Each structure stands twice: as C-alpha cells, then as structure tokens.
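What follows is each chain in one-letter form.
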Amino acid sequence: MSYRAQLDCDTGSPPHLPRAGPHTNPPSAAMLAWTVAQVGLCLLVAPWARRLTDRERVGRVVRPVGGASMTLYLWHMLLVAAAFYLTGLAPEPAFASSAWWTLRVPWLVVLGIVMTGVVVALGPLEHVLSLLYEWARPHADPRRPWRLWLGLAATAAALT
C-alpha cells in the first residue's frame, strides 16, 4: 500500500460523512505527520520563494494576487453558497461520479469568473480599509494608544 493510500485510510471519512473525504475529525497521527511534513516543506522552500518574488517582474504579478488572497479566502464559500447553491444554479451530481468529474473544469471556470468579479468589486473597499488601518494601527503614532484600547474594549464588549 502506498503512503498516500495509507494516509487516506488513516484519515478517511466516518460513516456519517460519506462525502467529506479526508478530514481531521478525529485527528490521527498520520494527519499530524502530513501536516508537519507540509510545514517543513514550506519552511524549506521559503528562502527560494522570497528570492523569486524579490524579482521585479515576478513581484508585479505576486503582489496583487497576494493582496487579494484574503478577500478570496473570506468570501469564496459565502458567495458560492449564496449565488449558486441557494438559487439552485449549482449542479449537484453524486460525489466522484462521471458527471461530477465532467463538471470540475467548467465549475472551476465559473467560480474563477465570479471570484474575479468579487475581487474587482471589493478592491475600493479594501483600499479604504487599508487606509483606515494605517491611520488606526497602534505603532502609527505612539502618542495615541487610546485607539488600541478603545478597539480592545469594543471587542471585549461585543464578545460578552
């Protein structure tokens, strides 16, 4: 049995989650080892990746994509659920069926187009929020720590 097959067996879905695929509920030693290996690989590749992104041409491509990555991360599933699943527009063939595999490429293209629109639409809002962050961050002006304490108090009040 290959390492990947063994990992899939060790981290496979319980009976109540047949469509979930590998997950971490409950976490296993194999999943922990896989995570540690991925982190180690990232740390190993990081210096090379930094040198690569320091180049002018590569940096011009990477910076905007990196700037939009948090927007994509925060909004992608909310928009997919709202725009496609709640409206009934999303195809839902059986998991791993031939129809499911056939729809992967068109589905990813549609999601890419939708998310490109979201990133473009939210760009001005992100710019305003980044300006607000620069104005309000604690180390921007050491004479005004009250902003930090006001934000902390508001957060604590909202959580209680």
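None of these values were measured; they are calculated from a predicted model.

1. Side note on the packing of helix α3 (residues 56-85) against helix α5 (residues 104-136)
Phase 1: One can describe the packing of α3 onto α5 by two numbers: an axis separation of 9 Å at closest approach and a directional angle of 120°. Here α5 runs oblique to α3, going by the angle between their axes. For the element pair α3 and α5, the recorded crossing hand is right-handed. On the side of α3, the interface is formed by Gly67, Ala68, Thr71, Leu72, Trp75, His76, Leu79, Val80, Phe84 and Tyr85, while α5 contributes Trp107, Val110, Leu111, Val114, Met115, Val118, Val119, Leu122 and Glu126.
Phase 2: Split into classes, the residues belonging to the contact of α3 with α5 amount to 15 nonpolar, three polar and one charged.

2. Some words on the nonpolar core
Phase 1: Membership of the largest hydrophobic core is limited to five residues, which are Val80, Phe84, Ala90, Trp107 and Leu111.
Phase 2: Elements with a contribution of two residues or more to this core: α3 and α5.
Phase 3: Apart from residues no more than four positions distant in its own chain, Ala90 is found in contact with Phe84, Tyr85 and Trp107.

3. Some thoughts on the packing of aromatic side chains
Phase 1: One pass over the full model with this rule turns up two aromatic pairs.
Phase 2: Centre to centre, the rings of Phe95 and Trp100 are 5.1 Å apart; their planes meet at 65°, and the pair counts as edge-to-face.
Phase 3: Judged by relative accessible area, Trp100 falls into the buried class, the value being 15%.
Phase 4: Ring centres of Trp100 and Trp101 lie 4.6 Å apart, and the angle between their planes is 90°; this geometry places the pair in the edge-to-face category.
Phase 5: A relative accessible area of 53% means that Trp101 is categorised as exposed.
Phase 6: Each member of the aromatic cluster is reached from another via a ring pair, and the members are Phe95, Trp100 and Trp101.
Phase 7: The ring of Trp100 carries Arg104 above its face, with NZ or CZ at 4.2 Å from the centroid.

Quick notes on the rules
Residues numbered from 1 in each chain as written. Predicted model: local features only at pLDDT ≥ 70, side-chain atom pairs only at ≥ 80, totals over all residues. Heavy atoms only, no water. Axes fitted to C-alpha atoms, helices over the stretch in contact; angles between N-to-C directions. Helix = DSSP H or I, 4+ residues; strand = E, 2+ residues; numbered from the N terminus. Parallel < 35°, antiparallel > 145°, perpendicular 65-115°, else oblique. Left-handed = near helix turned anticlockwise from the far one by under 90°. Contact = heavy atoms within 4.5 Å. Nonpolar A, V, L, I, M, F, W, Y, C, P; charged D, E, K, R; others polar. Core = buried A, V, L, I, M, F, W, Y, C linked by side-chain atoms within 4.5 Å. Buried < 20%, exposed > 50% of the residue type's maximum accessible area, 1.4 Å probe, protein only. Phe/Tyr/Trp six-rings, centres within 6.5 Å; stacked < 30°, edge-to-face > 60°. Lys NZ or Arg CZ within 6 Å of the ring centre and 35° of its normal.

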